[in-house]
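# Summary of structural features
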Amino acid sequence: MEWIEGLNKSINYIEEHLTENIDYEQLGKIACCSVYHFQRMFAYMANVPLSEYIRRRRMSLAAVDLQNGDNKIIDVALKYGYHSPTAFNRAFQSIHGVAPSRLKESGATVKSYPPISFKIIIKGVDELNYRIEKKDPFRIVGTAQSLYREIEKNFEIVPQMWNKAAMDGTIPKLASMANGCPGGILGVSICNDLEEWRYFIAAASTKEIDDTLEEYTVPSFTWAIFSGEGQCPQAIQELEKRIVTEWLPTSGYEYDNGPDIEVYLNPDPQNARFEVWIPVIKK
């Protein structure tokens, strides 16, 4: 319940700062998790990325401001953080389907997006298979790329990395080097509050590497490990959503400040077997 309360307090923070710069780091602190895990939890719980939710709320209030009184468009744009009228017009029209200059015309229709709130809904129809394990530090080797701290900006980066790794022989190379736990090919999101955000396509390995690969030591954590199968990436994304929306709120655990790991146990994306490792700590 504390976890849900933290999410709702974060919504209150957003509402209080819609005309200011919204500090994602502060949102994570309010919800007692890293800014990365907050953004992931929010997107899964709200079915909309955090940045898009904030944009919708701002444009909802901007429409009210323009409908009421004699507010100038440029003043409303500045109020909600748009220093370019063109950018404000584009954002407003993408939400409402009408330019702000036409809002006072008779019959102009706009959309309203009220503040959201979170609550626990008990489902439990389908089982979730998981185990809790404490692991010592382990070394991974692979290819890595820097990530943005707004996770929606990474939605193109990560798929491009996998496509490149499949085309240039990196994945079979890593498969031949894998000799540790977890086995298989790993997708590792290193997005904690202490270091640069990066994504690894990797394998757990103790073998020597050449200059095309780099290494990283995953610290010791307690892991909640979930298993699944199906067509990827849809099946693994659905599992991750269920972890956040069904398991985590009532599990007695919360996110620890460590990486998320996707473990691909076989190479067939049409009939994949996989695990999702999330670092957890007892509440």
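To be clear, the structure that these remarks concern was listed above.
A brief report on the enclosed structure follows. (Residues numbered from 1 in each chain as written. Predicted model: local features only at pLDDT ≥ 70, side-chain atom pairs only at ≥ 80, totals over all residues. Heavy atoms only, no water.)

## Overview of the overall build of the protein chain
The line we're drawing: Numbering goes from the N terminus for both helices and strands, where a helix is a DSSP run of H or I of at least four residues and a strand is a run of E of at least two. Burial here depends on accessible area, computed with a 1.4 Å probe over protein chains only, as a share of the maximum for the residue type. Under 20% is buried, over 50% is exposed, and the range in between is partly exposed. Should any heavy atoms of two residues lie within 4.5 Å, those residues are considered in contact. All accessible-area figures derive from a Shrake-Rupley calculation using a 1.4 Å probe, and residue coverage is judged against the displayed protein chains alone.
A tally of regular secondary structure across the protein chain gives nine helices and nine strands. The burial tally for the protein chain puts 45% of its 283 residues in the buried class. Considering only contacts in the protein chain between residues 6 or more positions apart, those separated by 24 or more positions represent 72%. If you sum the accessible surface of the protein chain, you get close to 14,600 Å²; carbon and sulfur atoms cover 50% of it.

## Re the pattern of salt bridges
Rules: Any Lys or Arg side-chain nitrogen found within 4 Å of a carboxyl oxygen on Asp or Glu counts as a salt bridge.
Going through the model one piece at a time under the given rule, you end up with 15 salt bridges. With a shortest N-O distance of 3.0 Å, Arg40 and Glu240 are connected by a salt bridge. A residue pair is termed long-range when its members are at least 10 positions apart, and Arg40 in helix α3 (residues 35–46) and Glu240 in helix α9 (residues 234–247) qualify at 200 residues. Taken individually, Arg40 and Glu240 each receive the classification buried, so the pair is uniform in this respect. Where Arg139 meets Glu215, a salt bridge forms, and the shortest distance between an N and an O atom there is 3.2 Å. On the criterion of sequence distance, the pair formed by Arg139 in strand β2 (residues 138–146) and Glu215 in strand β5 (residues 214–218) is long-range, its members being 76 residues apart. In this structure, a network of salt bridges that share partners links the residues Arg131, Glu133, Lys135 and Glu275.

## Description of the packing of aromatic side chains
The condition is simple: Between the rings of Phe, Tyr and Trp (Trp by its six-membered ring), a pair exists once the centres lie within 6.5 Å; its type follows the angle of the planes, with under 30 degrees stacked, over 60 edge-to-face, and the other angles tilted. Charge over a ring is defined by NZ of Lys or CZ of Arg lying within 6 Å of the ring centre and within 35 degrees of the ring normal.
Evaluated as defined, the whole model comprises 14 aromatic pairs. Ring plane angle 80° and centroid distance 5.9 Å describe the contact between Phe42 and Phe118, whose orientation is recorded as edge-to-face. In this pair, Phe42 is assigned in helix α3 and Phe118 in the loop between α6 (85–96) and β1 (130–135), connecting sequence segments 76 residues apart. Accessibility classification places Phe42 together with Phe118 in one group, the buried group. Joined through ring pairs, the aromatic side chains of Phe38, Phe42, Tyr53 and Phe118 make up one cluster. Lying over the aromatic face of Tyr253, Lys282 brings its terminal NZ or CZ to 4.7 Å of the ring centre.

## Quick word on unusual backbone geometry
The omega torsion across Cys181 and Pro182 is 5°, close enough to zero to call that bond cis. Note that Pro182 resides in the loop between α8 (170–177) and β3 (185–190). With an omega dihedral of 10°, the bond running from Cys232 to Pro233 counts as a cis peptide bond. Inspection of the secondary structure puts Pro233 in the loop between β6 (221–230) and α9.

## Details of the packing of helix α1 (residues 2–16) against helix α4 (residues 50–67)
A packed helix pair is summarised by two numbers, namely the angle formed by the two axes and the spacing between the axes. For clarity, the threshold we go by: Note on definitions: angles span 0 to 180 degrees between N-to-C directions of axes, and those axes are lines fitted to C-alpha atoms, for helices only across the stretch in contact. Any angle that is under 35 degrees is reported as roughly parallel, and any over 145 degrees as roughly antiparallel; angles of 65 to 115 degrees are reported as roughly perpendicular and all others as oblique. By the definition used in this description, the sense in which the near helix is turned from the far one sets the handedness, with an anticlockwise turn below a right angle giving left-handed and a clockwise turn giving right-handed.
Contact pair α1 / α4: the axes reach a minimum separation of 11 Å and the direction vectors enclose 45°. Relative to α4, α1 is oriented oblique. In terms of crossing hand, the pair formed by α1 and α4 is right-handed. Touching Ile11, Ile14 and Glu15 of α1 are Leu50, Tyr53, Ile54 and Arg57, all from α4.

## Examining the packing of α1 against α3
Defined as follows: Gly falls in the polar group here, along with every residue not listed as nonpolar (Ala, Val, Leu, Ile, Met, Phe, Trp, Tyr, Cys, Pro) or charged (Asp, Glu, Lys, Arg).
Two elements in contact, α1 and α3, have axes separated by 12 Å at closest approach and are oriented at 90°. Considering the angle they form, α1 stands roughly perpendicular to α3. For the pair α1 and α3, contact is made by Trp3, Ile4, Leu7, Ser10 and Ile11 and by Phe38, Met41, Phe42 and Met45, respectively. In terms of residue class, the contact of α1 with α3 is made up of eight nonpolar, one polar and no charged.

## With respect to the pairing of β2
For the record, the criterion: Should DSSP find at least two bridges between two strands, the strands are taken to pair.
Two strands pair when backbone bridges link them, and β2 and β5 are joined in this way by five bridges, in the antiparallel orientation. Paired with Gly142 across the two strands is Glu214, which belongs to β5.

## Let's talk about the nonpolar core
Here is the rule: Here, nonpolar core refers to any group of buried Ala, Val, Leu, Ile, Met, Phe, Trp, Tyr and Cys residues whose side-chain atoms link them within 4.5 Å.
Of all hydrophobic cores here, the largest spans 58 residues; its most connected members are Ile14, Trp247 and Ile278. Of all hydrophobic cores here, the second largest spans 16 residues; its members include Phe138, Ile140, Leu186 and Ile261.

## What about the environment of Leu265?
Mapped onto the secondary structure, Leu265 falls in the loop between β8 (260–264) and β9 (272–282). The spacing of Leu265 and Gly6 is 259 residues in sequence and 35 Å in space, taken between C-alpha atoms. When residues no more than four places from it in sequence are discounted, the contact partners of Leu265 are Gly183, Arg273, Phe274 and Glu275.

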